[in-house]
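Now for the letters of each chain:
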Amino acid sequence: MIRAVMVINTQGKPRLAKFYDIQAVEKQRELIRSVYGVLCSRADNVCNFIEAESFFGPDTRIVYKHFATLYFVFVFDSSENELAMLDLIQDGLLASNTCPFSICGNVGQMFQNVCELDMVFNYSKMHTILDEIIFGGQVLETSSTEVMKAVEEISKLETASNAISLVPNLFRAESIAWSLK
């Protein structure tokens, strides 16, 4: 089971954090700081797999990828395959040359050149994409095309629901003419 997905910038600020175990907010912040402390102290030429038992408990591992100013981190237990998790991070690299994360690869298809600011200003879309890929700590979908179809459908529904007004338009011509009578 995937325990957490985090995207942390090189200054230690979380740009995306989703925990699939129930944790208090303070505990989540502490875990993010701990993970960042380990990641920023590692050399670029070392393995991307880390034992995380001291942070998250027994049989827990971290897989990460450092790309530009962001660390993409998956925390998972022994029931998941380390290489499959790394592939999940790198899958988007094939879909988009701008970001090595299937979530960002999918976002790369939406926003063209993905950068840290896209993650900041479009966090709800990032969470939507993440929810299409992972739900409840289990990987649901790995196909970028299928994920993007679902996200586009959700976007259309959001747009349609924003267009529906529950409050009548009081400034229409008929309403104004009727009220003047």
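Residues numbered from 1 in each chain as written. Predicted model: local features only at pLDDT ≥ 70, side-chain atom pairs only at ≥ 80, totals over all residues. Heavy atoms only, no water.

- As annotated in an unreviewed UniProt entry, the protein chain carries the name AP complex subunit sigma and is attributed to Rhamnella rubrinervis.
- What the UniProt record of the protein chain gives under Sequence similarities (unreviewed entry) is the line "Belongs to the adaptor complexes small subunit family." (UniProt positions renumbered as here; feature names shortened; annotations may be inferred.)

### Details of the side chain of aspartate 77
- In this structure, aspartate 77 sits in strand β5 (residues 70-77).
- Arginine 3 provides the closest opposite charge to the buried, unpaired aspartate 77, separated from it by 4.7 Å.
- Of the polar contacts made by the side chain of aspartate 77, one reaches the backbone nitrogen of methionine 1; its length is 2.6 Å.
- Polar contacts involving the side chain of aspartate 77 include one to the side chain of serine 79, which spans 2.5 Å. (Helix = DSSP H or I, 4+ residues; strand = E, 2+ residues; numbered from the N terminus. Buried < 20%, exposed > 50% of the residue type's maximum accessible area, 1.4 Å probe, protein only. Lys, Arg positive; Asp, Glu negative; His and termini not counted. Salt bridge = Lys/Arg side-chain N within 4 Å of Asp/Glu carboxyl O. Polar contact = N/O pair within 3.5 Å; in protein donor to acceptor, adjacent residues only side chain to side chain.)

### Observations regarding the nonpolar core
- Membership of the largest hydrophobic core comes to 22 residues, with the highest contact counts inside it found for Ile2, Val5, Leu16, Phe74 and Ile134.
- When contributions to this core are tallied by element, the ones reaching two or more residues are β1 (2-9), β5, α3 (82-95), α6 (123-133) and α7 (144-163).
- Ignoring any residue separated from it by four or fewer positions in sequence, one finds leucine 16 in contact with Val5, Met6, Val7, Met119, Met126, His127 and Leu130.
- Formed by 18 residues, the second largest nonpolar core is a distinct cluster that contains Met6, Leu31, Phe55 and Tyr71. (Core = buried A, V, L, I, M, F, W, Y, C linked by side-chain atoms within 4.5 Å. Contact = heavy atoms within 4.5 Å.)

### A few points about α7
- Given a rise of 1.5 Å per residue, 20 residues ought to cover 28 Å, and the 28 Å separating the end C-alpha atoms of α7 matches this to within 8%.
- Within α7, burial applies to Ser144, Val147, Met148, Ala150, Val151 and Ser155. The buried residues of α7 occupy an angular sector of 160 degrees when the element is viewed end-on, so they sit on one face. Structural note: α7 exposes Thr145, Lys156, Leu157 and Ala163 on the side pointing more than 90 degrees away from its buried face. (Expected span 1.5 Å × (residues − 1). Arc of directions from axis to C-beta.)

### Some words on the packing of α6 against α7
- Close contact between α6 and α7 brings their axes to 10 Å; oriented N to C, the two are set at 130 degrees. As summarised for this structure, α6 and α7 are arranged oblique, according to the angle between their axes. Crossing handedness for the pair α6 and α7: right-handed. Each of Lys125, Thr128, Ile129, Glu132 and Ile133 in α6 lies in contact with α7, whose residues at this interface are Val147, Ala150, Val151, Ile154 and Ser155.
- Taken together, the residues of the contact of α6 with α7 break down into 6 nonpolar, 2 polar and 2 charged. (Axes fitted to C-alpha atoms, helices over the stretch in contact; angles between N-to-C directions. Parallel < 35°, antiparallel > 145°, perpendicular 65-115°, else oblique. Left-handed = near helix turned anticlockwise from the far one by under 90°. Nonpolar A, V, L, I, M, F, W, Y, C, P; charged D, E, K, R; others polar.)

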